[in-house]
Structures are given as C-alpha cells and as structure tokens.
Amino acid sequence: MKPFLMLLLVTFFFGCKGNQKEIEVPMTDDQSVEAVRQDADAHPGKLFMEAECYVCHNPRTSRANMIAPPMAAIKLHYIDSNTTKEAFTKALIRWVNDPETESKMPGALKRFGCMPYMPHPDEALTKIADYLYDYEVEKPDWFNAHFRSKLRKGHQKGKPKEMAYQNPEKLYAKVGLGYVKTTQAQLGKNLTQAIRENGPVNAIRFCNEEAIKLTDSMSLMHNAVIKRISDKPRNTSNKATNKELYYIASFKKTVAMGGEPSPIVEIQNEEVQFYYPIVTNALCLQCHGKPNEHITAQTRSILKNLYPNDQAVGYDINEVRGMWGIVFDSNNH
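Every value quoted in this text rests on a predicted model; they were computed, and no experiment measured them.

K.L.:
Outline the packing of helix H3 (residues 44-57) against helix H7 (residues 122-134), supporting the account with residue identities and numerical values.
P.N.:
Remark: H3 packs on H7, axes separated minimally by 7 Å, with the N-to-C direction vectors making an angle of 110°. On the basis of the axis angle, H3 is roughly perpendicular to H7. Our pair here, H3 against H7, has a crossing hand that is left-handed. On the side of H3, the interface is formed by Pro44, Gly45, Lys46, Phe48, Met49 and Cys53, while H7 contributes Ala124, Lys127, Ile128, Tyr131 and Leu132. Grouping the constituent residues of the contact of H3 with H7 by class yields eight nonpolar, one polar and two charged.

K.L.:
Residue-level account of the pairing of strand S2 (residues 264-268), with values.
P.N.:
Note: S2 against strand S3 (residues 271-279), five bridges, orientation antiparallel. Considered in S3, the bridge of Gln268 is made with Glu271. The hairpin formed by S2 and S3 contains two residues between the paired strands, and Asn269 there has a positive phi angle of roughly 55°.

K.L.:
Now, about the state of the cysteines: what can you tell me, with residues and values included?
P.N.:
Here a disulfide denotes one covalent bond, and it connects the sulfur atoms of two cysteines. What the rule picks out here adds up to zero disulfides. Counting only cysteine sulfurs, Cys56 is the nearest neighbor of Cys53, a cysteine outside any disulfide, at a range of 8.9 Å. Overall, Cys53 belongs to the buried group, its relative accessible area being 15%. Classification of Cys56 by relative accessible area gives partly exposed; the value is 32%.

K.L.:
Could you give an account of the environment of Glu86, with specific residues and numbers?
P.N.:
Along the chain, Glu86 falls in helix H5 (residues 85-97). Owing to a relative accessible area of 54%, Glu86 belongs among the exposed residues under this scheme. Along the sequence, Glu86 and Tyr133 sit 47 residues apart, while their C-alpha atoms lie 9.8 Å from each other.

K.L.:
Explain the pattern of salt bridges residue by residue, including any values.
P.N.:
Overall, the coordinates contain 11 salt bridges when judged by the stated rule. Through salt bridges with shared partners, a single ionic network connects Lys85, Asp130 and Asp134.

K.L.:
Tell me about the packing of aromatic side chains, and please be specific about residues and values.
P.N.:
Applying the stated criterion across every chain yields a total of nine aromatic pairs. A centroid spacing of 5.5 Å and a plane angle of 85° characterise the contact between Tyr179 and Phe328, whose relative ring orientation is edge-to-face. Taken together, the positions of Tyr179 in helix H9 (residues 168-209) and Phe328 in strand S4 (residues 320-329) put the pair 149 residues apart, joining distant regions of the chain. Since its relative accessible area comes to 2%, Tyr179 is described here as buried. Overall, Phe328 belongs to the buried group, its relative accessible area being 3%. Aromatic ring contacts, followed pair by pair, group Tyr172, Tyr179 and Phe328 into a single cluster. One Lys or Arg, Arg234, reaches over the ring of Tyr307 and ends 6.0 Å from the middle of that ring.

K.L.:
Explain the side chain of Arg234 to me, and be specific about the residues and the numbers.
P.N.:
When you line up the elements, Arg234 lands in the loop between strand S1 (224-229) and helix H11 (242-256). By relative accessible area, Arg234 is classed as buried at 10%.

K.L.:
Kindly report on the packing of H5 against H7, identifying the contributing residues and their values.
P.N.:
At their nearest, the axes of H5 and H7 sit 9 Å apart, and the two run at 130° to each other. The orientation of H5 with respect to H7, classified from their angle, is oblique. The hand of the H5/H7 crossing is right-handed. Within the contact between the two elements, H5 uses Lys85, Phe88, Thr89, Leu92, Ile93, Val96 and Asn97 and H7 uses Asp122, Leu125, Thr126, Ile128, Ala129, Asp130, Leu132, Tyr133 and Asp134. The residue inventory of the contact of H5 with H7, partitioned by class, reads nine nonpolar, three polar and four charged.

K.L.:
Outline the sheet that holds S2, supporting the account with residue identities and numerical values.
P.N.:
Here we have four strands laid out as an open sheet, ordered S1-S4-S3-S2, and antiparallel in their pairing. Unpaired on one side and paired on the other, S1 and S2 mark the two borders of the sheet. For this sheet, the mean angle separating the axes of adjacent strands, direction not counted, is 15°. Summarising the sheet, S1 and S4 pair through six bridges and their orientation is antiparallel. Within the sheet, the bridge partner assigned to Val225 lies in S4 and is Val327.

K.L.:
An account of the side chain of Ser230 is requested, with residue identities and associated values reported.
P.N.:
Among the secondary structure elements, Ser230 is positioned in the loop between S1 and H11. Owing to a relative accessible area of 4%, Ser230 belongs among the buried residues under this scheme. Here Lys232 takes part through its backbone nitrogen, which lies 3.0 Å from a polar atom of the side chain of Ser230. Within the structure, the side chain of Ser230 is placed 2.9 Å from the backbone oxygen of Arg321, a separation counted as a polar contact.

What counts as what
Residues numbered from 1 in each chain as written. Predicted model: local features only at pLDDT ≥ 70, side-chain atom pairs only at ≥ 80, totals over all residues. Heavy atoms only, no water. Axes fitted to C-alpha atoms, helices over the stretch in contact; angles between N-to-C directions. Helix = DSSP H or I, 4+ residues; strand = E, 2+ residues; numbered from the N terminus. Parallel < 35°, antiparallel > 145°, perpendicular 65-115°, else oblique. Left-handed = near helix turned anticlockwise from the far one by under 90°. Contact = heavy atoms within 4.5 Å. Nonpolar A, V, L, I, M, F, W, Y, C, P; charged D, E, K, R; others polar. Pairing = 2+ DSSP bridges. Disulfide = S-S within 2.5 Å. Buried < 20%, exposed > 50% of the residue type's maximum accessible area, 1.4 Å probe, protein only. Salt bridge = Lys/Arg side-chain N within 4 Å of Asp/Glu carboxyl O. Phe/Tyr/Trp six-rings, centres within 6.5 Å; stacked < 30°, edge-to-face > 60°. Lys NZ or Arg CZ within 6 Å of the ring centre and 35° of its normal. Polar contact = N/O pair within 3.5 Å; in protein donor to acceptor, adjacent residues only side chain to side chain.

Here you go:
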C-alpha cells in the first residue's frame, strides 16, 4: 500500500469510525461475514502457516496427539495490549530463527521441548505474523476448556502464576483486543476502497452509510457485541452512558499524563465487558480537529449535512475521542 494512501486510511479510520462510489445493493450482515472470512482465508500468511506450520501446530489434532502448541496458544502468549504488530513480527522471526531464544510459553517448552530450527524466510514469517496479529486463529475443540481449567488452577491458593493467561482479566483483554484489531482491519479495507473510488469525501459517506453495518457483521462473526462509544458523539447511536463516561474520563487522564492506556475488563457471571480507548493522531484532526483550522470547509459542510448534531470536533493530537465497547461470553474463550 502506498504511504499516502495509508495516511488517508488512518485519518478516516480513527476519525470517523471501500465500498463502491454509489452503493446500489447494500451488503447484508451474512454477506459481510462471508466476505471477512474469504479475505482471511486468502491471506498469504494463513496459506503459508497451514502448509508449513500445521505439520506440528495443527489445531485439528487432539490434545493428546499434539506435538507442539496450537498457533492460537502462541498468539495468546505473545500478543498483549502493549504489543505492536512490528514487535510481534520481530519476536516471531527471532524465535523461529533461534528456537532456543527465551520462550514466553514455559508450559509448552516443558511438555514439547525446544522447537527445532526451521529455515523459513523472514518474508514468509512476516506474512504469518501479519495474519496472526490481525485475524482470529482456528482453535482446537479442546482449547477453551483447557485454558479455563488453567485459569481455575492458577487461582488456587499457593499456585504460581507463571503465565499471563492464568489471570482472567489479562486473558479477556487479549480477546477484546483481538476483536478490536480484526474489526479495524475490515473497516480499514473498506475505507481504502472508498478512498480509491472517490477520495476522502467518499470515506466520510462510507462511515455514515456502512461502518455500523460492517461493525455489526463483525459482531456476528465473533459472537460478540462490538460498538464504538464517545462522550462527544458524531453519530448519536455512539453516545456513552454514565458508566462509559467515567471510563472515557479515566482513559483521558492516563493519556494526558503520558501513560499507556490498558483495557478495562469487567467479568460478571459469564459475561465479559471490554473497553479500550480510541486516541487521535495528527491526521485525525482533518475530521475531528478544530473547524477552520484543521477541518476544511468542504469536509465540514459534508459532516454538517450527514451529522446535524455532530459533537466530535475540536480535538487536538493525542486525545481520547472515544472508546471501543465489546461484550462477549467468557465460555467461548
């Protein structure tokens, strides 16, 4: 992707959060989910992973017959709320090229031993990392029950907590972040097409007409409720509740002090509620900055027409303009 196009993508993804220039037949939720799955299935990283890595890491192997941990477990241990795609890619390449590198999976190392050296090119490993980071990974049938058992054992008195997944908040934070990343990826893909069709103005129209539909489709795919929330909403359906206003204020305080925000996770019976901030950058100001300073007259005119009660303006760089809110069933993870 060209750098300029990527800048535009980031601007309107974080600012408004493609399709054809004129949408003649709206895509249904089922069609959107199928499109997402087809996109994931065609990813070169997935294809290479299945051809090379599944010799040992096949998720369809029974737990008793596994000779290496499934890729879902690797993702769980190597990606947390502070892990960037670049950092994960470097860690994966370093680990595969030097399997004796300190592992983040001591349990797997004890059970399976050190992974043998596999001379895969860095380019292929980069594609695998890209897929693992952005998409859901197939899990074995026994995976969720196994990790729930680990959670229970990890909280028994006197049991060491050596692994991150033994803390349920950390486990579900990773799940929520995974949903955020996959939803961002699909919104980004469609916004890219919208920009290619008719420039940034078309991306604004996409946000108005299709972004919520696509987010709902990702909710269906993940069996979760995924939404964007704001204290200064552009779309009134994204208006925060009193509790959500408190969380947004907490994220704002952390960011304003230069801190790194962490997800908020609430576990109530079998339901998990996850919250994570949306933070502006310099490019976001083109849609959410100060009128007549950051936002052009044309952009402002379109925004006023599409969102008569728009409040999502006046931001500066590195400010929290809202957050992701996700609800899912803990038994599915």
